[in-house]
Amino acid sequence: MITSEICIDACLSASTACEICFTDSINTDNKDCMPICRDTADISAMCARFEARGSLYATDLHVLCAKVCRACAEECLKHSDHHECCKDCAAACLKCAEMCEAHALVKIN
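Every value quoted in this text rests on a predicted model; they were computed, and no experiment measured them.

Caption draft 1: Inspection of the overall build of the chain at higher detail. Scanning the chain for helices and strands turns up four helices and zero strands. When the helices and strands of the chain are placed in sequence order, the string is α-α-α-α. Against the 2.2 N^0.38 benchmark of 13 Å for 109 residues, the chain shows a C-alpha radius of gyration of 13 Å, consistent with a compact globule. Projected onto the principal axes, the alpha-carbon positions of the chain cover approximately 45 × 20 × 20 Å. Burial analysis of the chain (109 residues in total) assigns 49% to the buried set. Intrachain contacts of the chain at a sequence separation of at least 6 include 72% that bridge at least 24 residues. Counting only carbon and sulfur atoms, one obtains 56% of the accessible surface of the chain, whose full area is about 6,000 Å². Taken as two groups, the 10 positive and 17 negative side-chain charges of the chain have centres that lie 4 Å from each other.

Calculation criteria
- Residues numbered from 1 in each chain as written.
- Predicted model: local features only at pLDDT ≥ 70, side-chain atom pairs only at ≥ 80, totals over all residues.
- Heavy atoms only, no water.
- Helix = DSSP H or I, 4+ residues; strand = E, 2+ residues; numbered from the N terminus.
- Rg over C-alpha atoms; globule rule 2.2 N^0.38 Å.
- Buried < 20%, exposed > 50% of the residue type's maximum accessible area, 1.4 Å probe, protein only.
- Contact = heavy atoms within 4.5 Å.
- Areas by Shrake-Rupley, 256 points an atom, 1.4 Å probe, with all protein chains shown as cover.
- Lys, Arg positive; Asp, Glu negative; His and termini not counted.
- Charge placed at Lys NZ, Arg CZ, Asp CG, Glu CD.

Okay, here's the thing in structure tokens:
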């Protein structure tokens, strides 16, 4: 079972990985990752906060967070062969998406 703590940790890890990837993308002029990494960093951090406070809207946000995380992972995987941070970001985002989807499903049922 996916607990709130596990989901929060996955969201915060994705947020951190996206911030690192965004910064590296600036330094390496990798414009493809920048927009989605910024969006994902923000939504995953917000999702962690909503979950931590027990917001009535956390489940809805988990669904959206999973969607955005999957889009970020897809983009970062395109660059993972030559950017280590993209590889790390994609992995963190996929884990976050999986945790958010599982946690949302548990809360819906």
